[in-house]
Amino acid sequence: MKRLLLILCLLASPLMAVEPDEVLDDPVLEERARAISADVRCVVCQNEPIDSSNAGVARDLRMIIRERLVAGDTDQEVFDFLVLRYGDYVLFNPPWKPSTYALWLGPFVILFGGFACVVVALMRRRTPVAVPLSAEDEARLDAMREGKK
């Protein structure tokens, strides 16, 4: 019995935030809505898909997606509508365009900058260079050595 309950909980876990009144009657449209929702970020929770967010905005986004699908929009039209309304931030995979260059290239710039700092730090390290003693210094050193013997 416990195993059955555990299996049911695991199967139902992706449905946690989606409320029963949001689910579409048509299983094909509902599947499309879930696929779209997986690629849409909750604008309140940030790095959480709207399907697993309990925020009010996430619920509104889920409802908008379903309304657009019922109205006959394609998946791309739904994404375009969401981007028009909320900006590229709402997508987990924003498009490659000038306004998102920093988003796509930022991690590589930071990585390269860190690597460059390490290289410069290693190059600035100086190994001690042996400087020959002057005749006067050698004479004092010899005097010290003989005084200890």
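Cut-offs applied
Residues numbered from 1 in each chain as written. Predicted model: local features only at pLDDT ≥ 70, side-chain atom pairs only at ≥ 80, totals over all residues. Heavy atoms only, no water. Phe/Tyr/Trp six-rings, centres within 6.5 Å; stacked < 30°, edge-to-face > 60°. Buried < 20%, exposed > 50% of the residue type's maximum accessible area, 1.4 Å probe, protein only. Lys NZ or Arg CZ within 6 Å of the ring centre and 35° of its normal. Axes fitted to C-alpha atoms, helices over the stretch in contact; angles between N-to-C directions. Helix = DSSP H or I, 4+ residues; strand = E, 2+ residues; numbered from the N terminus. Parallel < 35°, antiparallel > 145°, perpendicular 65-115°, else oblique. Left-handed = near helix turned anticlockwise from the far one by under 90°. Contact = heavy atoms within 4.5 Å. Salt bridge = Lys/Arg side-chain N within 4 Å of Asp/Glu carboxyl O.

**Student:** Looking at this structure, I do not really get the packing of aromatic side chains. What am I missing?
**Tutor:** How two aromatic rings sit relative to each other is set out by the distance from centre to centre and by the angle between their planes. Under the definition given, this model contains 1 aromatic pair. Between Trp96 and Tyr101 the ring centres are 4.7 Å apart and the planes differ by 40 degrees, which places this aromatic pair in the tilted class. Overall, Trp96 belongs to the exposed group, its relative accessible area being 52%. The positively charged end of Arg41 is found above the aromatic ring belonging to Tyr89, 4.9 Å away from the centroid. For the cation-ring pair, Arg68 lies above Phe81, with the distance from its terminal atom to the ring centre recorded as 4.1 Å.

**Student:** What exactly am I supposed to notice about the packing of helix H2 (residues 27–38) against helix H3 (residues 56–70) here?
**Tutor:** Axis angle and axis distance: for two packed helices, these are the angle between their axes and the distance between the axes, and together they describe the pair. As a packed pair, H2 and H3 sit with axes 10 Å apart at the nearest point and diverge in direction by 135 degrees. Classified by the angle between their axes, H2 and H3 sit oblique to one another. Considering only the axes of H2 and H3, their crossing is right-handed. Contacts from Leu29, Glu30, Arg32, Ala33, Arg34, Ile36 and Ser37 in H2 reach Ile65, Arg66, Leu69 and Val70 in H3.

**Student:** So what exactly am I meant to see when it comes to the pattern of salt bridges here?
**Tutor:** Note on pairing: side chains with opposite charge can pair once their charged atoms come close. A full pass over the atoms with the stated rule returns 7 salt bridges. Here Asp73 and Arg68 are joined by a salt bridge, their closest N and O atoms 2.7 Å apart. Note on Arg68: relative accessible area 27%, which makes it partly exposed. Where Arg140 meets Asp137, a salt bridge forms, and the shortest distance between an N and an O atom there is 3.0 Å. Here Arg140 and its partner Asp137 are both found in helix H6 (residues 135–148), 3 residues apart, which amounts to about one turn of the helix. Residue classification places Asp137 among the partly exposed residues on the basis of a relative accessible area of 28%. Residues participating in the shared-partner salt-bridge network are Glu30, Arg34 and Arg66.

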